[in-house]
Amino acid sequence: MSLRIGVYGMFGIDNIGNDATLAAFLEGLEEYLPDATVVVVSPNPSRTTHEVGVPAIPVGESQRTGPSATRASVQILLAGWAYGTAAWSGARHFDALVICGTGVLESTTPKTALRLLAWTGASSLRRRPVLWLNVGVDSISNPRARSIARTCARLTTYKSLRDPLSLRSAERQGLPVENSRVFPDLVYARKTDGSPPQRHGPRQVVISPVSSGRYGWATSDTDRRDTLERNTSILAQFANHLLTRDLTVKVVSANPRDDPAVESLLGAIKRTDEGSAGSLLVDRVLTMEGLLQSLSGSHAIVASRYHTLIAAHLLATPVISLGYSAKFEEAQRMFGLGGFSQPLEQLELTPLLEQFAELDSNRDALAERMVRALDHVRDQVSRGWVSASNALRDL
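Residues numbered from 1 in each chain as written. Predicted model: local features only at pLDDT ≥ 70, side-chain atom pairs only at ≥ 80, totals over all residues. Heavy atoms only, no water.

### Some words on the side chain of Asn-255
The residue Asn-255 is located in the loop between β9 (248-253) and α8 (259-272) in this model. Given a relative accessible area of 1%, Asn-255 falls into the buried group. Aside from chain neighbours lying at most four places away, what touches Asn-255 is Asp-14, Asn-15, Val-285 and Arg-305. (Helix = DSSP H or I, 4+ residues; strand = E, 2+ residues; numbered from the N terminus. Buried < 20%, exposed > 50% of the residue type's maximum accessible area, 1.4 Å probe, protein only. Contact = heavy atoms within 4.5 Å.)

Structure representation (structure tokens):
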């Protein structure tokens, strides 16, 4: 009888990166465990099944009882019951459960941690081993969520983490990861032609902003709004600098939640335009395929979404990361681009202009460096699949 594998993640919620992770997982499974069958644990199972063509089951939902502090505790209890019930029933459908990232140990709240615990615990009680596959781990600020994450880690039989940063973060927070492997993000296994794309027509620079919802460091809505306005102003000045040099600027929305940030940036660019010679374009994409197509042939990319950064790496297109977390710079270092990063929290125009000038002067050499790095990263992802598939075969 073929091995039945459940894959858990935040799929079908308008997140290109999460859905690209699922696609990469299914492609890897077909290559390394071709006889296995799959069921996806998803917040939106009908959409997930429609998009990837495999069965999906609901992660479980809870009733909302209101926003007050008193009711928040009730919400957590109801969520635990709903997730636990769905997980106990759902775990019958697979022999092992694989967690393959999608932010479950990065943007972690008590509720999302409880959901992960429900599925990890139910799988363990039904003697279904749980595996982490190249999972990212970030600082979990909520003590309750952090405690739950530790329990999930203890119940997990095989762990591979996305990068050394994730390993250090897990160790610092007391997650038992002493025997964990480290392999890059699954999406890097996506097939491309392995050479920098040919550029046609005017030189195009892509700017992909991110919504203030990713500003995890902000302490209030006011702080979040002020930081977004400041960053929008800086990006608009940068875009106009490019336009005055007769470059084409394409503003790309890589997540529907980023549309307001895109509109704000476009408005700021037009308000400060002083009769530039370059062209201003805009594009909105909903899939990794669409994103890669939109970015292909660009001279350079400025990325504030993590999956936009990965897409730039896949295309071997030199990229400056403006990240909302340390994972951006970690990924850039893998591709020899450690000097081309800034944290969004401390974004400054002058360093951005200096980084672009250096990138512009060394563009072709950087692209060739990225091609070599991509070969190495893909080899590491393959090694991770061999390790994980061996663990699954041993069940």
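We are not done yet, so read on.
### A look at the pattern of salt bridges
Two side chains of opposite charge can pair, provided their charged atoms sit close to one another. Here the structure, examined in full by the defined rule, presents 19 salt bridges. Residue Glu-289 pairs with Arg-190 through a salt bridge whose shortest N-O separation is 3.5 Å. Residue Glu-289 is located in helix α9 (residues 288-295), and its partner Arg-190 is located in the loop between β7 (181-182) and β8 (204-208); the two are separated by 99 residues in the primary sequence. By relative accessible area, which is 45% here, Glu-289 ends up partly exposed. Where Arg-333 meets Glu-329, a salt bridge forms, and the shortest distance between an N and an O atom there is 3.4 Å. Of this pair, Arg-333 and Glu-329 both sit in helix α11 (residues 327-334), 4 residues apart, roughly one helical turn. Judged by relative accessible area, Glu-329 falls into the partly exposed class, the value being 37%. One network of salt bridges, in which partners are shared, links Glu-106, Arg-162, Asp-163 and Lys-327. (Salt bridge = Lys/Arg side-chain N within 4 Å of Asp/Glu carboxyl O.)

### Brief notes about the packing of helix α7 (residues 221-244) against helix α12 (residues 349-361)
In contact at an axis separation of 10 Å, α7 and α12 are set at 35° when each is read in the N-to-C sense. In this structure, α7 meets α12 at a crossing whose hand is right-handed. Where α7 approaches α12, its residues Ile-234, Leu-235, Gln-237, Phe-238, His-241 and Leu-242 are matched on the opposing element by Leu-349, Leu-352, Leu-353 and Phe-356. Here the residues of the contact of α7 with α12 sort into 8 nonpolar, 2 polar and no charged. (Axes fitted to C-alpha atoms, helices over the stretch in contact; angles between N-to-C directions. Left-handed = near helix turned anticlockwise from the far one by under 90°. Nonpolar A, V, L, I, M, F, W, Y, C, P; charged D, E, K, R; others polar.)

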